Amino acid sequence: MPASGCFGFGKEYAEFYDLSILGAIMVKATTLETRTGNPTPRVAETPAGMLNAIGLQNPGVDLVVREELPWLRQYDVPIIVNVAGSTVEEYVQVTEKLSHSEDLDAIEVNISCPNVKCGGIQFGTNPESAAEVVREMKKAAHVPVIVKLSPNVTDIVSMAKAVEEAGADAVSLINTLVGMRIDLKTMKPILANGVGGLSGPAVKPVAIRMVYQVSQAVQIPVIGMGGVMTAEDALEFLAAGASAVAVGTANFVNPYACPEIIAGLKTYCETQGIGNIQELVGKAWK
Amino acid sequence: MPASGCFGFGKEYAEFYDLSILGAIMVKATTLETRTGNPTPRVAETPAGMLNAIGLQNPGVDLVVREELPWLRQYDVPIIVNVAGSTVEEYVQVTEKLSHSEDLDAIEVNISCPNVKCGGIQFGTNPESAAEVVREMKKAAHVPVIVKLSPNVTDIVSMAKAVEEAGADAVSLINTLVGMRIDLKTMKPILANGVGGLSGPAVKPVAIRMVYQVSQAVQIPVIGMGGVMTAEDALEFLAAGASAVAVGTANFVNPYACPEIIAGLKTYCETQGIGNIQELVGKAWK
Amino acid sequence: MKRWTILAHQPVARQMMQLDLQVDDAFAYVPGQFLHVRVTDGHDFLLRRPISLCNFDPDTRVLSLVYRVGGDGTRALAKRTPGMEVDVLGPLGQGFPIHEEDGHALLIGGGIGVPPLVELAKQITAQGKTVTAVIGFLTKDVVILEKELQMYGDVFVCTDDGSYGHHGRVTDLLTADLLASVDRYYSCGPLPMLQAIVGKIEAKVPGYVSLEERMGCGIGACMACVQWTVDEQGNKRLQKICKQGPVFDGREVVFE
Amino acid sequence: MKRWTILAHQPVARQMMQLDLQVDDAFAYVPGQFLHVRVTDGHDFLLRRPISLCNFDPDTRVLSLVYRVGGDGTRALAKRTPGMEVDVLGPLGQGFPIHEEDGHALLIGGGIGVPPLVELAKQITAQGKTVTAVIGFLTKDVVILEKELQMYGDVFVCTDDGSYGHHGRVTDLLTADLLASVDRYYSCGPLPMLQAIVGKIEAKVPGYVSLEERMGCGIGACMACVQWTVDEQGNKRLQKICKQGPVFDGREVVFE
Ligand SMILES: Cc1cc2nc3c(=O)[nH]c(=O)nc-3n(C[C@H](O)[C@H](O)[C@H](O)COP(=O)(O)OP(=O)(O)OC[C@H]3O[C@@H](n4cnc5c(N)ncnc54)[C@H](O)[C@@H]3O)c2cc1C
Ligand SMILES: Cc1cc2nc3c(=O)[nH]c(=O)nc-3n(C[C@H](O)[C@H](O)[C@H](O)COP(=O)(O)OP(=O)(O)OC[C@H]3O[C@@H](n4cnc5c(N)ncnc54)[C@H](O)[C@@H]3O)c2cc1C
Ligand SMILES: Cc1cc2nc3c(=O)[nH]c(=O)nc-3n(C[C@H](O)[C@H](O)[C@H](O)COP(=O)(O)O)c2cc1C
Ligand SMILES: Cc1cc2nc3c(=O)[nH]c(=O)nc-3n(C[C@H](O)[C@H](O)[C@H](O)COP(=O)(O)O)c2cc1C
Ligand code: FES
Ligand code: FES
């Protein structure tokens, strides 16, 4: 499935292939109000990766519910709405507004966006605050709540356990690592925002490690992501313990990344005689 | 200067060039007793990076003081000894043994090795424990104490401030990020140790970000490292706020990496009319 | 996404390369659109580079791009040799609209903003209209596509250092007489140049500017390449340069 | 570190490539040493690949390597074409010692462990001694270097699936008669094979094994490639395969 923020609201990719083949669609982070995001430049390239500081640009939850989700509903695929906010109240208000819509199947709480001052990363780095957001959102939500964890923490396992105890139905990891690049011509950071979120193949080893650790420590499913470019990368995540795998940056490099990875996994299962891909989940530690 | 662990005790590189041209030499981590390290495989390749889990293999401080340091002393270059341990006492004991030697110019405290259970990473992820190690070592040390910080923390700035207050003479960052790769043939981690430390160009954006943040928050010098392959990379670190730059993984890819980077920096300063490279330090935020 | 074979790949000025690609039969485009090009197939350069379509020969189906070897990515691209394939996405974005009613169009280009004007000049003149081009460069060594544009009309060249053509900026050459003689302008180049052009022309002549920004996806999904515009009714909008652009109405762009 | 030009690069069996390089005048080596090869110049594959030196023609100064296209890195290497340069470090490590007093040497190779035996056979026979080679492979399609070894002595081939030569392992072919006729053995191949060989030969015949391990630097600096050995006096030592090896005395290696 495509990862949040890397697939817009799906429209662009629908020009390339039928979105119904996807396992699920995670749409771009949605906030209470319209947000115009950060100034440009918003992306920079890094070795085997990229930095982004989009800054949660989105039309706000009302418009998303009114226009984007009903459009996506034409495809026969679960819709996961990514929710961001700067206070617990904001998270809850967005959740409440979403609860009036039938056009979504799960909520992914983004407590890990590194690109805006109040993008929720304070919730993503402290187990108690994270647990509080999740508890309150669970009360307001009519669909399962997935918590997206930040890798920029000392102890990812206690973050995951804290949100599990608070009622999270699944965790997804990893969001981006906080990074920076400096332009040698100007000697200033390339991104207008200074820091940005690092994604792509460069972060895959960190993501695999965190999935491996978290999936052994919690009972809820783990959605793995971070640098998945090929079916082999997805297999690594499954073996590490992810029950599902999301694809972010790869969609930018190759708009057909998702269908190609899905096809690759099918071929792998066929040639290896694997009936159900879930057999592979956690192979690295089982 | 070459980073610790990536240059052995210098002997191998002395076959390639005259070590006197280096700004300093940071030797491999030294512990109280001889250590044989982790089982093999100890390295794995990742996109634009590598994982290692050497496990602090080293002959122990007595042999280092008796044989390695006197040999290195033939070169006219400051020697920085990297010290690791699993208890405060161990760190202090190694420091005391080193204080009987004239063949070193600084100590780098490795409180951030992710590859051994008791390699000190617990000290590297908690500001109070880090400060305690540094305070005790300062008492025993006859040379400046540099503290090498782990990037695997939520808040690198408070780590740096804690060790600065405890008396550290400089900080070096970053050590490796904790990562993992899985072998799809066996479906098990490639490294015998499971997890390993990620280094190389892939981690550079994270390192630049941390140097940028830490160098603005502390008064002591910052030694920057993480993914430096070329003179341009070194310039990025200087602009981010590093007063000196260390080269790790690049030495493995290209044994001439250090002399080539030094030459590249010289050329840059000449063509740009920069008299003293220290003028560039912190340009990105000054 | 296609893989097109390199037919020729040669320097045309200092640090300027022309890349000729053999394209498939279905290929068609509007001048001003761009290709999103992978410079290698590996992960070293993850992001694609946007490069304007410069010239297309429908008979041989050879498409030419002209690009500057500036950073590491274009340096890697420049190493690729004839016979190799290049992974491209596109044509993408909205090109320059050609207006039936126009008689004389003014093309203004700066540096690597000149390439899209070549095919534009060709298509405008093919409709029986005339074009005049004003193109500016840093210095003599990097002047490109002057001869190609001369095939379609008058070309005035200037350089910042006076080493070739007029000594000065393109805006110096936008005389009142010239502006009075044209029905529309089409411009492409660095942002400060575009801003100066729009400032100078004001609302006297309608026209278009083609903008540049660092891109992620190139197809409108990542929101990396946004630009504020304001239309006649005063509606402010955050537009994606890769999708709603790169060409915008010069009067609507909000220059900061 | 040198950059050598590719003269030829061709498949010699299924997923097996031979790479011929034009080396400089100073080049000299001992069989059993290896080159540490960069598969691309970018950062995609950061680590070098150790590949044994297989064959060297001192007249033309052409060096041949034979390698298996197994993972992503060797796949990238296999795409490089004649005329391109390859970045190599080496020759590195300690090769196979040739002993004056020997008359008949036994060479034992498995799969991609066979390449270093070719130059070894050449150098041993050049000293007037005889060699016999026993080489094993998974299956017929991946048999390599049989003809090259036949230039120097008897060659016995076996395959695991019986599709070519003897059906079975190299150890099956190490008969008591053969072992009795040789003064020394030289072996290279996967660890389990080497362990089986050493187990079978015991101390009857002295000899060498060449080991494989994932490497970082290839020059002894990173401590990635260690192996325990124990000498006759019982001294246990942790040795670096890249520096003190890859060739070790078969009796000293501690197989776990
Ligand atoms: C719509 C459009 C059309 C263009 N047409 C042409 C053309 O015809 N000829 C030409 O020479 N150049 C053109 N450019 C500019 C060209 O895209 C950049 O010069 C090129 O991407 C720089 O890449 P690099 O590898 O040299 O630099 P690097 O520094 O290695 O680039 C790193 C990243 O930054 C991006 N980037 C860097 N500079 C720019 C820039 N000026 N604009 C956009 N992204 C940038 C790159 O795409 C890449 O993602 C166009 C840009 C746009 C947006
Ligand atoms: C001293 C020595 C001599 C060798 N000689 C030959 C030879 O002549 N011909 C030949 O085909 N192979 C030889 N090998 C094995 C060869 O190095 C590996 O097959 C090759 O490195 C695999 O790279 P890859 O890109 O296919 O795999 P990847 O999976 O992409 O490799 C990833 C990393 O793991 C390392 N690696 C993976 N498998 C091995 C292995 N079996 N041994 C060592 N490192 C490995 C790679 O070097 C690289 O750093 C030799 C190995 C050693 C140690
Ligand atoms: C341009 C961009 C925008 C993103 N926006 C969001 C977002 O809105 N919400 C979110 O939870 N994650 C966001 N992410 C993070 C991704 O969903 C994903 O967790 C991360 O990029 C790692 O996966 P990848 O390496 O496959 O890209 C964004 C990532 C990128 C590159
Ligand atoms: C093989 C290897 C061994 C290392 N050993 C040590 C060590 O003993 N002590 C230490 O402080 N850091 C050690 N490091 C970390 C490096 O000194 C450096 O901080 C890190 O690799 C980032 O820099 P780089 O990307 O330039 O390699 C080691 C790194 C590698 C790759
Ligand atoms: S580059 Fe992604 S939206 Fe324009
Ligand atoms: S590979 Fe570095 S010590 Fe052997």
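Within every chain, residues take consecutive numbers counted from 1 along the sequence as written. Starting at A for chains and at 1 for ligands, labels are handed out in the order in which the entities are written. Totals for whole chains, interfaces and linings use every residue, but because this is a predicted model, local features are given only for residues with pLDDT of at least 70 and side-chain atom pairs only at 80 or more, for both listing and counting. Hydrogens and waters are ignored; side-chain quantities use all the structure's heavy atoms.

## What about the UniProt feature "binding site: [2Fe-2S] cluster" (unreviewed entry) in chain C?
All names here are of chain C.
And step 1. UniProt positions are given in the numbering used here, feature names are shortened, and annotations may be inferred rather than shown by experiment. Mapped onto this numbering, the UniProt entry gives "binding site: [2Fe-2S] cluster" (unreviewed entry) at C217, C222, C225 and C242. These annotated residues cover 26 residues of sequence, and their C-alpha atoms all fall within 10.2 Å of one another, placing them together at a single site.
And step 2. In this text, helices come from DSSP runs of H or I with a minimum length of four residues, and strands from runs of E with a minimum of two, each type numbered from the N-terminal end. Looking at where C222 falls in the secondary structure, it is placed in the loop between β13 (207–210) and β14 (226–230).
And step 3. You can call C222 buried: its relative accessible area is 3%.
And step 4. Checked against the element boundaries, C225 lands in the loop between β13 and β14.
And step 5. Overall, the relative accessible area of 3% leaves C225 in the buried class. Here the term buried applies to any residue with accessible area under 20% of the maximum for its type, exposed to any over 50%, and partly exposed to those in between, with areas from a 1.4 Å probe on protein chains only.

## Overview of the nonpolar core
And step 1. In this structure, V147, L149 and L173 of chain A together with V147, L149 and L173 of chain B are the most contacted members of the largest nonpolar core, which totals 277 residues.
And step 2. Sequence-distant contacts of V147 of chain A, that is, excluding residues within four places in its chain, are made with V109, I111, V134, V163, A168, A170, V171 and S172 of chain A. Here, nonpolar core refers to any group of buried Ala, Val, Leu, Ile, Met, Phe, Trp, Tyr and Cys residues whose side-chain atoms link them within 4.5 Å. Whether two residues are in contact is decided by their heavy atoms, any of which lying within 4.5 Å being enough.

## Section: the sheet that holds strand β7 (residues 170–173) of chain B
Residues and elements named next belong to chain B.
And step 1. Spatial strand order, β1-β4-β5-β6-β7-β12-β13: 7 strands in an open sheet with parallel pairing. Edge positions in the open sheet fall to β1 (25–30) and β13 (244–246), since each of these has one partner strand only. Neighbouring strand axes in the sheet, compared pairwise and without regard to direction, differ in orientation by 25° on average.
And step 2. The sheet contact formed by strand β5 (residues 106–110) and strand β6 (residues 145–148) spans 4 bridges and is parallel. The residue bridging E108 from the neighbouring strand is I146, located in β6. A strand pair is defined by DSSP finding two or more bridges across the two strands. Comment: axis = line fitted to C-alpha atoms, over the contacting stretch for helices; angle = value between 0 and 180 degrees taken between N-to-C directions.

## A look at the site of ligand 2
Residue and element names in this part refer to chain D.
And step 1. Whether a residue is near a molecule or strand depends on its heavy atoms: it is near if one of them lies within 4 Å of it. Of all residues adjacent to ligand 2, which total 22 residues, the nearest are P50, R68, G71, T74 and R214.
And step 2. N or O atoms closer than or at 3.5 Å make up a polar contact, with two conditions inside protein: a donor-capable atom paired with an acceptor-capable one, and, for residues adjacent in sequence, both atoms drawn from side chains. V66 is positioned with one of its backbone polar atoms (N or O) 3.0 Å from a nitrogen atom of ligand 2.
And step 3. Measuring from an oxygen atom of ligand 2, one finds a backbone N or O atom of R68 at 2.7 Å.
And step 4. Starting from 830 Å² of accessible surface for ligand 2 in isolation, the protein chains cover 86%.
And step 5. Every element with two or more residues in the shell around ligand 2 is listed here: β4 (49–52), β6 (62–68) and α1 (72–78).
And step 6. With 4 residues, the top contributor of residues to the shell around ligand 2 is β4.
And step 7. Classification convention: Asp, Glu, Lys, Arg as charged; Ala, Val, Leu, Ile, Met, Phe, Trp, Tyr, Cys, Pro as nonpolar; all other residues, Gly among them, as polar. Looking at the shell around ligand 2 residue by residue, the classes come out as 10 nonpolar, 5 polar and 7 charged. Using a 1.4 Å probe, accessible areas were evaluated by the Shrake-Rupley method; residue-level cover was limited to the displayed protein chains.

## Section: the packing of helix α3 (residues 88–98) of chain B against helix α5 (residues 127–140) of chain B
Residues and elements named next belong to chain B.
And step 1. Contact geometry of α3 with α5 gives a least axis separation of 9 Å together with a crossing angle of 25°. The orientation of α3 relative to α5 falls into the category roughly parallel. In this structure, the crossing between α3 and α5 has a hand that is right-handed. Along its contact with α3, which presents V88, Y91, V92, T95 and E96, the element α5 presents E132, V133, E136, M137 and A140.
And step 2. Its residues assigned to classes, the contact of α3 with α5 comprises 6 nonpolar, 1 polar and 3 charged. Under this scheme an angle from 65 to 115 degrees is roughly perpendicular, one under 35 degrees roughly parallel, and one over 145 degrees roughly antiparallel; angles in between are oblique. Handedness of each helix crossing follows the sense of rotation of the near helix against the far helix: counterclockwise by less than a right angle gives left-handed, clockwise gives right-handed.

## Overview of the interface of chain A and chain B
And step 1. Counting residues at the interface gives 39 residues for chain A, matched by 39 residues for chain B.
And step 2. By buried area we mean the combined loss of accessible area, with a 1.4 Å probe, across both parts when two parts are placed together. Taking both sides of the interface into account, the surface hidden between chain A and chain B amounts to around 3,200 Å²; carbon and sulfur atoms contribute 69%.
And step 3. Salt bridges are defined as contacts in which a side-chain nitrogen from Lys or Arg sits within 4 Å of a carboxyl oxygen from Asp or Glu. Connecting chain A to chain B are 2 salt bridges.
And step 4. Salt-bridge contacts for E236 of chain B lead to R181 of chain A; the nearest nitrogen and oxygen are separated by 3.6 Å.
And step 5. Run the count over chain A and chain B and you get 12 residue pairs in polar contact (both at pLDDT 80 or more).
And step 6. Mapped onto the side of chain A that touches chain B, the elements with two or more residues apiece are β8 (177–179), β10 (188–189), α7 (204–217) and α8 (231–240) of chain A.
And step 7. Per-element tally for the side of chain A that touches chain B: the top contributor is α7 of chain A, with 6 residues.
And step 8. A breakdown of the residues in the side of chain A that touches chain B according to their chemical character gives 26 nonpolar, 6 polar and 7 charged.

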